There are 2 protein chains.
Amino acid sequence: MTQLPFSYPAIDGERLLADLHTLRGFGAVGHGVVRPSLSPEDIASRHWLRQRMADAGLDATLDGVGNVIGRSPQPGPALLLGSHTDTQPLGGWLDGVYGVIAALEVARTLRHDPVLGAIALDVASFIDEEGTHYSFLGSLSASGQLDQQTLDAARCRDGTSLPERLHAAGLDGRIAPLDLRRYAGFIELHIEQGPVLDDGGKRLGVVSGIVGARNIDIVVSGEANHAGTTPMARRHDAGRALIALASAIEDTFSRTAGPETVWNIGRMSFQPGAAAIVPERAELRLQFRDLDSRRLDRLEAALQPLAADIRTRWQVGVDIARAGQPTLPAHLSPVLQAHLVRATERRASGAWITLPSGAMHDAGIFAQVMPAAMLFVPSLGGRSHCPEEDTRPDDLVLGAQALADAVVDWARFTLPDRLPARK
Amino acid sequence: MTQLPFSYPAIDGERLLADLHTLRGFGAVGHGVVRPSLSPEDIASRHWLRQRMADAGLDATLDGVGNVIGRSPQPGPALLLGSHTDTQPLGGWLDGVYGVIAALEVARTLRHDPVLGAIALDVASFIDEEGTHYSFLGSLSASGQLDQQTLDAARCRDGTSLPERLHAAGLDGRIAPLDLRRYAGFIELHIEQGPVLDDGGKRLGVVSGIVGARNIDIVVSGEANHAGTTPMARRHDAGRALIALASAIEDTFSRTAGPETVWNIGRMSFQPGAAAIVPERAELRLQFRDLDSRRLDRLEAALQPLAADIRTRWQVGVDIARAGQPTLPAHLSPVLQAHLVRATERRASGAWITLPSGAMHDAGIFAQVMPAAMLFVPSLGGRSHCPEEDTRPDDLVLGAQALADAVVDWARFTLPDRLPARK
C-alpha cells in the first residue's frame, strides 16, 4: 500500500442531484422521461452534457454517432467512467443517466484535489444503450467493436438506414473509437433495475458479473380441426402440446437452475386462435439468463429431449431455434471489483452485497476489451424502464461517493508514483 | 306393425347429385364455396331452391328472414326435413347443403309413389346456421324461439342492425314461425364434419345427441417485471402461472372426461408480450363439450380448486368466467332414432354406428320444440368448413336413401291408417 498521504474527498451531493434534475428536464413527462436516442430532446441533452463536461475541465466532444466524451487533460493510464443518457420510449429519470452524472461529479470533485487531480478520469455518455435504433451503438463504436463499414450498411430497428438516421439528427455518422491503450479500465455506476437491494435493505451492490442471455423460439405444428367433432385421440393439437412442453420446461429449468438463473416465457400464442378450432400452430419465446455459460448450455441442451418427447406423445412437429445471437456472460474485473468492495464497505458497512446484473449494460460491451466493473444503487420497488423508476437521494449521493473512493483507491494501488505528495 | 302393403322407393341418385352440383355453382371458388348467409350468391341460391321445391310439388316460399320452406300439400301430421344452405366465409360444398337437397330428393321421390305420396313431408333451408350475422337465425325464428321484438332490436355480429341487414338483402325481416302443431318431428341429414365415420370405415352414423358446449375465459393477473433483473422468487408471473393452470386443467380433464368428452384451448396469449418482460396478464379460452350435462358440471366445477391452488402457489390473481351462455346438450328423439337405425341397418348393414354430434346443428334448435333426429354421412379425412370438404358420391346417395326409408317407416308405424292401400 502506498505510503503517500491521501484523502477521500467528499463529492458535492447537491451538485450531483441538481445536474440529474436538469438532465431530467430534457424530455420529462410526469415523473418519467421520454428521451430515446437521437430524438431532439436527446440531442439537446447531449449538447448540454458536453458543456457541463467542459465546465468541469474536460476536453468534451460529441462524436459522429452521438457519444459525449469528456477527456481529462491528464495523460493515461486513465479510468473511463460513464453510462448512457438515452431512455426507453417511456422511461425513468435515472437509469444510465445516474452513472453519467455521477462520473462527471467524481471527475470534477477529484480534479480540484491537489493530489488526486493528477488522476486521468474520462467521462462518457454512450448513445443508444436502449436500442431504440441500434443496441449499444455508442459503446460498441467507442470500444472499437463496430467498424465504419458495418455502421454504413446498418439498418435501424425500424428498417431505415442507420447512417441516414444519424445524419437526420445532425451527426456525421463517423466512428471515432477511443484509444484503448489509454485506459486501465471502465467503471459504470447504475441503478439496479431489480428489487434485490431494495428488498434486502441494502444501499449498494457490487456487480459480480453481467449475465448471458439466450432467446429460444419454440414452434409447435399440428393440424387445425373442429374442436367439437374431432375426437381427442385423433387430434394433432399444437396448443395443448405446447402447454405440455412449456410445463416440462418449467419442471426441468426449476431443477437445473442455479440460485441466480432466471427464465421467462414472454410471449405465447395459438393460431388460428378461435375458440372452436384446435390450434394448428402454437409458439412461444423462451429467454433464460445466467452468469455461467455452462449452465446456459445445460439449460439449452435440455430442450431437445423435451421436444422429442412432445413430438411422440402429441403427434405434432416441434421446432426449436435460437432467436438472435446469444449474449455471452460478461466477466468483470476482480481488481476493480475489489476497489468497489473496499469503498462500499467503508461508506455503507453491512449495507452492501455483491450480485450479478441480470440486465446488459455498456460495461458488458467494454468488458470485452478492458477491465470493467459496475456498482449498483437500489431501485425502489425494483421498478425501472417506467416513469415510477426512483432511488432515494441519499443513496444516489452514496453511490457516487463510493465510486469516487474506488477511483482514489485504484490510483493509490495502481499509480502510487503518479500521485504527487500532498502539500 | 301395419299390415298394409308398402315399399321403399329408390331415390334418384343422379338427380340428387345434379342438384348438389347446381347449388355448388352459387359461390363456387375452386373446390370450395363462398356463400355466407345474405350474400348475393346466397340470396340467388334461395330463389333457385324455392323454384326446385315448387317443381317438386311443394308450396314453396322465401320467408322474411330468408328461410326457404317447401310445404307439402298433404295435411299433417308432417315430418320436417332439412338443414341449411349458407356456408362459412370460405366453406365446403356439402355441409348443410347436403341435408337440404337430400330432403328435397326424398320429398319428390315419395310424392310420386301411389301409396307414400300421402305422407306430408315439408322441406326447409334455414338461414344463417353458420352465424355470419346471427347464429341459427333461420331455425330459431321458424321454430318460434326468436320473437319479432328481439329480432327488430338485434345486432349482427359486426354490430350493424339485423333488420337493416335483412332489408339490404331484399327481405322484409318479418318472422313467420312454422305451425308447430303440424309437425311430428324434424330430421336433419348432414355430413359428419369429423373423422369418426371415415376413420372407422363406416358409411352412416345415427346421431345419439348433440353435445352441449361451455366456453370459459381464464385470466391470470400478475406483475410486469424485467425478466433479467427480477429474481424468480420475487415474480408474479402471469404467464408461467397460466401454463401451470392449463397443464393442471389438462390432467384433471383427462381423468374426468368421458369417452366422448372433448375440450379445446383455442386461444392463449400473454401481455405485454415482450421477450424480456415477465407477463403481467395471461389469458386463455377453454371450451369443452359433452352429451352429459352432469359431466359438463363436474368439469366446470373442477376449475375453481385448480385456480385457487395457482393463486396461492404463484401469487397471482386468477379469474374464471363463462364466455356467453352455455349450449345445452340436445336430446334427440328415441323413436326417430329407431327409424334411422332400422334404415341404416337395412341399407348399410355393419357399416353404420351411433355417435354424438360434436357440433351444433339446426336439429339442436328444433329439438327444443319437437322430436328431432340426425343422420350423418362421412366427411373424407374429417375435413369440413374448408374447400377440401368432401364425401364419396355413393355415400351421399346412400344417406338420402336411408332418410327416405326412415320416413317411410315413420309413416308405417305412426300413420298406418293414413296410407292408402297400394293399388
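Everything numeric in this text was worked out from a predicted model, so none of it was measured.

Definitions and cut-offs
Residues numbered from 1 in each chain as written. Chains lettered and ligands numbered in written order. Predicted model: local features only at pLDDT ≥ 70, side-chain atom pairs only at ≥ 80, totals over all residues. Heavy atoms only, no water. Least-squares fit on C-alpha atoms with pLDDT ≥ 70 in both. Contact = heavy atoms within 4.5 Å. Buried area = accessible area lost by both parts, 1.4 Å probe. Salt bridge = Lys/Arg side-chain N within 4 Å of Asp/Glu carboxyl O. Polar contact = N/O pair within 3.5 Å; in protein donor to acceptor, adjacent residues only side chain to side chain. Helix = DSSP H or I, 4+ residues; strand = E, 2+ residues; numbered from the N terminus. Axes fitted to C-alpha atoms, helices over the stretch in contact; angles between N-to-C directions. Parallel < 35°, antiparallel > 145°, perpendicular 65-115°, else oblique. Left-handed = near helix turned anticlockwise from the far one by under 90°. Nonpolar A, V, L, I, M, F, W, Y, C, P; charged D, E, K, R; others polar. Buried < 20%, exposed > 50% of the residue type's maximum accessible area, 1.4 Å probe, protein only. Phe/Tyr/Trp six-rings, centres within 6.5 Å; stacked < 30°, edge-to-face > 60°. Lys NZ or Arg CZ within 6 Å of the ring centre and 35° of its normal. UniProt positions renumbered as here; feature names shortened; annotations may be inferred. Pairing = 2+ DSSP bridges. Expected span 1.5 Å × (residues − 1). Arc of directions from axis to C-beta. Domains from an automatic or database assignment.

Focus on the relation of the copies chain A and chain B
Okay, so step 1: The transformation that overlays chain A on chain B combines an axial shift of 0.0 Å with a rotation of 180°, and the residual RMSD is 0.1 Å. Look at the turn and shift together and you get a two-fold axis relating the two. Residues of chain A ranked by C-alpha distance from the rotation axis are headed by S269(A), positioned 2.4 Å from it.
Okay, so step 2: Counting the interface residues of chain A, we find that 100% of their copies in chain B are interface residues as well, pointing to one common contact surface.

Description of the interface of chain A and chain B
Okay, so step 1: With 46 residues of chain A at the interface, the matching set in chain B holds 46 residues.
Okay, so step 2: Carbon and sulfur atoms supply 56% of the area that chain A and chain B bury against each other, a total of about 3,800 Å² over both sides.
Okay, so step 3: Put simply, E250(A) and R240(B) hold a salt bridge, and the shortest N to O gap is 2.8 Å.
Okay, so step 4: Counting across the interface, chain A meets chain B through 13 residue pairs in polar contact (both at pLDDT 80 or more).
Okay, so step 5: Mapped by element, the contributors of at least two residues to the side of chain A that touches chain B are α7 (196-199), α8 (238-256), β11 (262-271), β12 (277-278) and β13 (281-290) of chain A.
Okay, so step 6: Take the side of chain A that touches chain B: its biggest share by element is nine residues, from β11(A).

Looking at the packing of helix α11 (residues 334-347) of chain B against helix α13 (residues 393-414) of chain B
Residue and element names in this part refer to chain B.
Okay, so step 1: Put simply, α11 and α13 touch, their axes get as near as 8 Å, and they point 130° apart. Relative to α13, the element α11 is oriented oblique. Between α11 and α13 lies a crossing whose hand is right-handed. Packed against α11, whose contacting residues are L336, H339, L340, R342, A343, T344, R346 and R347, the element α13 presents L398, Q401, A402, D405, A406, D409, W410 and F413 at the interface.
Okay, so step 2: Among the residues forming the contact of α11 with α13, the class breakdown is eight nonpolar, three polar and five charged.

Here we look at the pattern of salt bridges
Residues and elements named next belong to chain A.
Okay, so step 1: Tallying each qualifying case throughout the model produces 58 salt bridges over all chains.
Okay, so step 2: One salt bridge in this structure joins R108 and E105, with 2.7 Å as the shortest N-O distance. Placement of both R108 and E105 in helix α3 (residues 97-111) is noted, with a separation of three residues, approximately one turn of the helix. The same class applies to R108 and to E105, which are both buried.
Okay, so step 3: The salt bridge partner of D198 is R392, with a shortest N-O separation of 3.8 Å.

Regarding the packing of aromatic side chains
All names here are of chain A.
Okay, so step 1: One pass over the structure, following the stated rule, counts 12 aromatic pairs over all chains.
Okay, so step 2: Measuring from centroid to centroid gives 5.8 Å for F253 and W263, while their planes differ by 70°, and the two rings are edge-to-face. Of this pair, F253 sits in helix α8 while W263 sits in strand β11, and the two are 10 residues apart along the sequence. This pair shows no difference in class: F253 is buried, exactly as W263 is.
Okay, so step 3: Feature note: the residues F126, F186 and F366 constitute an aromatic cluster, connected by ring pairs.
Okay, so step 4: In this arrangement the basic side chain of R24 is found over the ring face of W93, its NZ or CZ atom lying 4.2 Å from the centre.

A look at the UniProt feature "binding site: Zn(2+) 2" (unreviewed entry) in chain A
All names here are of chain A.
Okay, so step 1: Per the UniProt annotation, the sites labelled "binding site: Zn(2+) 2" (unreviewed entry) are D95, E130 and H385. Considering the C-alpha atoms alone, the annotated residues occupy 291 residues of sequence yet fold into one spot, their largest mutual distance being 10.2 Å.
Okay, so step 2: One can find D95 in the loop between β5 (78-83) and α3.
Okay, so step 3: By relative accessible area, D95 is classed as buried at 4%.
Okay, so step 4: Setting aside anything within four residues of it in sequence, one finds D95 in contact with H84, E130, H190, I191, Q193, H385 and E389.
Okay, so step 5: Among the polar contacts listed, one links the side chain of D95 to the side chain of H84, at a separation of 3.4 Å.

Details of the pairing of β11(A)
Residue and element names in this part refer to chain A.
Okay, so step 1: Counted residue by residue, β11 has seven buried out of 10 residues, so it is predominantly covered.
Okay, so step 2: Bridging between β11 and β13 involves nine bridges; their strand directions are antiparallel. Bridge pairing in β13 links W263 to F288.

Points about helix α1 (residues 13-24) of chain B
Every α-helix carries 3.6 residues per turn, so stepping three or four residues along brings you back to the same face.
All names here are of chain B.
Okay, so step 1: For α1, which comprises 12 residues, the first-to-last C-alpha distance of 16 Å matches the rise-based estimate of 16 Å (1.5 Å per residue) to within 8%.
Okay, so step 2: What α1 keeps buried is the set G13, L16, D19, L20, L23 and R24. Taken end-on, α1 shows its buried residues confined to a sector of 145°, consistent with a single buried face.
Okay, so step 3: Where α1 is buried, its residues meet β1 (28-29), β2 (32-33), α2 (40-55), α3 (97-111) and α13.

As for the side chain of D405(A)
Okay, so step 1: Along the polypeptide, D405(A) turns up in helix α13 (residues 393-414).
Okay, so step 2: In this view, D405(A) contacts Y8(A), A343(A), R346(A) and R347(A); residues no more than four positions away in its chain are not counted.

Some points on the environment of G138(A)
All names here are of chain A.
Okay, so step 1: With respect to the helices and strands, the residue G138 is situated in helix α4 (residues 137-142).
Okay, so step 2: Exposure remark for G138: the relative accessible area of 0% places this residue in the buried category.
Okay, so step 3: Distance in space between the C-alpha atoms of G138 and G66 is 7.3 Å, their sequence separation being 72 residues.
Okay, so step 4: With residues near it in sequence (within four places) discarded, G138 still touches N67, F126 and I127.

Points about the packing of helix α9 (residues 293-301) of chain B against helix α10 (residues 303-314) of chain B
All names here are of chain B.
Okay, so step 1: Across the interface, α9 lies against α10 with an axial gap of 5 Å and an inter-helix angle of 10°. Looking at the two axes, α9 sits roughly parallel to α10. Only L303, Q304 and P305 of α10 make contact with α9, whose side of the interface consists of L299, E300 and A301.
Okay, so step 2: Taken together, the residues that form the contact of α9 with α10 break down as four nonpolar, one polar and one charged.

Topic: the domain arrangement of chain A
Residues and elements named next belong to chain A.
Okay, so step 1: If you check the domain split of chain A, you get domain 1 (13-210 + 329-414) and domain 2 (212-322).
Okay, so step 2: Between domain 1 and domain 2, the C-alpha centre-to-centre distance is 38 Å.
Okay, so step 3: Facing eight residues of domain 1, the contacting portion of domain 2 comprises seven residues.
Okay, so step 4: Of the roughly 510 Å² buried where domain 1 meets domain 2, counting both sides, 63% is carbon and sulfur surface.
Okay, so step 5: Counting every contact that joins domain 1 to domain 2 gives zero salt bridges.
Okay, so step 6: On the surface where domain 1 and domain 2 come into contact, there are one residue pair in polar contact (both at pLDDT 80 or more).
Okay, so step 7: Ranked by residues supplied to the side of domain 1 that touches domain 2, first place goes to strand β8 (residues 204-210) with three residues.
Okay, so step 8: Within the side of domain 1 that touches domain 2, the residues separate by chemical class into four nonpolar, four polar and no charged.

Overview of the environment of L146(B)
All names here are of chain B.
Okay, so step 1: Locating L146 in the fold gives a position in the loop between α4 (137-142) and α5 (148-153).
Okay, so step 2: A relative accessible area of 6% places L146 in the buried class.
Okay, so step 3: C-alpha separation for the pair L146 and I175, spaced 29 residues apart in sequence, amounts to 8.2 Å.
Okay, so step 4: Those residues in contact with L146 that lie beyond four places of it in its chain are Y134, L137, L140, S141, L151 and I175.

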